[in-house]
Amino acid sequence: MGFEFSVITESLPALFEGAKLTWFITIIGIVGGMICGILAGLGRIAGTEALGEEPHGIFKSISVVIRYVSGGYVETIRGTPIIVQAMFLYFAFPMLVKAVTDIERFRIEALTAAVITIVFNAGAYIAEIVRGSVISVNKGLLEAGMSLGISRFQLIVHVIGPIAFRRMIPPLGNQFIISLKDTSLFIVIGVGELTRQGQEIMASNFRALEIWLTVAVMYLIMTTVLAMSLRQIERKMKIF
Amino acid sequence: MSNIIELKNVCKSFGDTEVLHNIDLSIQEGEVVVVIGPSGSGKSTLIRCINCLEMISSGELVVDTVRIPEERGRVRQIRLEVGMVFQQFNLFPHMTAIGNVAFGPAKARKMGKTKAENIARELLDRVGLADFENKLPGQLSGGQQQRVAIARALAVSPKVLLFDEPTSALDPEMIGEVLDVMKSIAKDSGMTMVVVTHEMGFAAQVGDRLIFMDDGRIVEAGKPEEVMKNPKSERLKDFLGHVKHH
């Protein structure tokens, strides 16, 4: 039973279908994760000096609530395995809905559960990347902005944002690649992504070497594309 | 002449440490006030309180009709009228020289891009940097960066300019170019200026009033030459002795 190249060519169409699904989940995960991450990351430092100056009155109380909610989200997601989150959302959450409401036949599609899981999971880690980059911005630059009389929103968009974003790119590259690879865990809820496709072909022809080698190379190609696009963005941003 | 800045019985504490004790100070429109004093005397804190980068702990601050603490919500109004130049320049590193200067007019004063850039160009020319408008801060010398920072502060057309040790981070050969720009602003535009500095020559030449601070209090104040020639307190005599030797 030597290395059969034809095994690879025969399995390619199915593996491509899997890779397409992996890519689809990853892209939505990255885009959604960025939105969640920016909101939660800024939320964790709402009302602190990292975003200008401390608010007073009612805004002070509101920012405390925002900090706790964001912190709770980040710690809950970071503190539980992604595979448990996916299983909870797919298997347990419908039962929870059934238990507390009258809805009898509530269920979540496996792909929907996968997408939601990856979005919220990536979001929690990206939140910490955002927070870390924002608090690293030199406080003197915030003071320079504030002393011109601009609003907090303008300060965040025009001063803190661009400076922090450039520092986010390397750790974001890490997180995007991790999220892509994490999609392989959705095999447990039956999403037909790349790893699942490989597993199914393997189960019918037992050609482990050819199949897993091909699967590995396909992941490597996808992660390389991600890494290279981030390098490209990094290069395009002004050097400072 | 009316007062544009008034501090009445102002105290400022950081935690348990009180760094300004019962400061009373009035500054008139067009006046150039130079603040000197040893390190830790509260001079930087004093001017940072004026544009509310530090919020006063007690007392009252009035800047161009805005009263603090009653009108805390109008801090931005104060900052539009009170520009600041920092020891470390603090230029926005991702913007060119003209981008830095045009930023205030465009965002804080909500002018169109062309109008803001015209103002910026004019100011860069005034500080002698017309040929450097497309340089990033990292490509400029310290003295050039500080001159861009002065142009940036001027660009929102404030009534008051605060200078927080503007030449202390500069190499000696660059101090002159920055002081020259400051002198020309003081003489030509009639701008109200509050300058924290160790440059006694500057104080003597353009200062209307010299304030000596020590340990969070205003110890002596008056015409710069008189204060420098006839220091009354031992602390000022001691301080002037140290400054003159450098």
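Note: the structure precedes this text.
These numbers come from a predicted model, not from an experiment.

**Student:** Before we go on, may I ask you to explain the overall build of chain B in this structure?
**Tutor:** If you tally the helices and strands in chain B, you get nine helices and ten strands. Computed over its C-alpha atoms, the radius of gyration of chain B comes to 18 Å, within 12% of the 18 Å expected for a compact globule of 246 residues. Scored against the burial criterion, the 246 residues of chain B give a buried share of 56%. A separation threshold of at least 6 residues defines the contact pool for chain B, and within that pool the share at least 24 residues apart is 65%. If you sum the accessible surface of chain B, you get close to 10,600 Å²; carbon and sulfur atoms cover 46% of it. The positive charge centre, built from 30 side chains, and the negative charge centre, built from 33, are 5 Å apart in chain B.

**Student:** Can you help me understand the nonpolar core in this one?
**Tutor:** Generally speaking, soluble globular proteins have nonpolar side chains that are buried together. With 80 residues, the main nonpolar core has I5, L7 and I68 of chain B as its most contacted residues. Examining the composition of this core, we find that ten residues originate from one element, helix 6 (residues 152–182) of chain A, more than from any other. Once you skip the residues sitting within four places of it in the chain, I5 of chain B turns out to touch L25, S26, I27, I50, V62, V63, V160 and V194 of chain B. In this structure, L91, A120, I150 and F202 of chain B belong to the second largest nonpolar core, which totals 50 residues.

**Student:** Explain a nonpolar patch on the surface here, please?
**Tutor:** Residues and elements named next belong to chain A. Nonpolar side chains collect at one region of the surface, where F3, F5, L209, L213, V217, I221 and V225 lie side by side and expose about 670 Å² of accessible area between them. In terms of residue count, helix 8 (residues 208–236) provides more of the nonpolar patch than any other element does, five residues in total. You can see V225 is positioned in helix 8. Residue V225 is classed as partly exposed on the basis of its relative accessible area, which comes to 42%.

**Student:** Looking at this model, I keep getting lost on the interface of chain A and chain B. Mind explaining?
**Tutor:** One widely used convention gives an interface's size as the accessible area the parts lose upon coming together. The interface is formed by 22 residues belonging to chain A together with 27 residues belonging to chain B. Regarding the contact of chain A and chain B, the summed buried area is about 2,100 Å², with carbon and sulfur atoms giving 63% of it. Viewed at the interface, chain B and chain A are joined by two salt bridges. The closest approach of N and O atoms between R79 of chain B and E53 of chain A, which form a salt bridge, is 2.7 Å. When residues of the side of chain A that touches chain B are traced back to their parent elements, those giving at least two are helix 5 (139–146) and helix 6 of chain A. When residues of the side of chain A that touches chain B are assigned to their parent elements, the largest contribution, six residues, is made by helix 5 of chain A. Here the side of chain A that touches chain B is built from residues that sort into ten nonpolar, nine polar and three charged.

What counts and how
Residues numbered from 1 in each chain as written. Chains lettered and ligands numbered in written order. Predicted model: local features only at pLDDT ≥ 70, side-chain atom pairs only at ≥ 80, totals over all residues. Heavy atoms only, no water. Helix = DSSP H or I, 4+ residues; strand = E, 2+ residues; numbered from the N terminus. Rg over C-alpha atoms; globule rule 2.2 N^0.38 Å. Buried < 20%, exposed > 50% of the residue type's maximum accessible area, 1.4 Å probe, protein only. Contact = heavy atoms within 4.5 Å. Areas by Shrake-Rupley, 256 points an atom, 1.4 Å probe, with all protein chains shown as cover. Lys, Arg positive; Asp, Glu negative; His and termini not counted. Charge placed at Lys NZ, Arg CZ, Asp CG, Glu CD. Core = buried A, V, L, I, M, F, W, Y, C linked by side-chain atoms within 4.5 Å. Patch = residues over 30% accessible without salt bridge, like charges linked within 9 Å, V, L, I, M, F, W, Y side chains within 5 Å. Salt bridge = Lys/Arg side-chain N within 4 Å of Asp/Glu carboxyl O. Buried area = accessible area lost by both parts, 1.4 Å probe. Nonpolar A, V, L, I, M, F, W, Y, C, P; charged D, E, K, R; others polar.

Interpretation in functional terms is not warranted from these geometric data alone.
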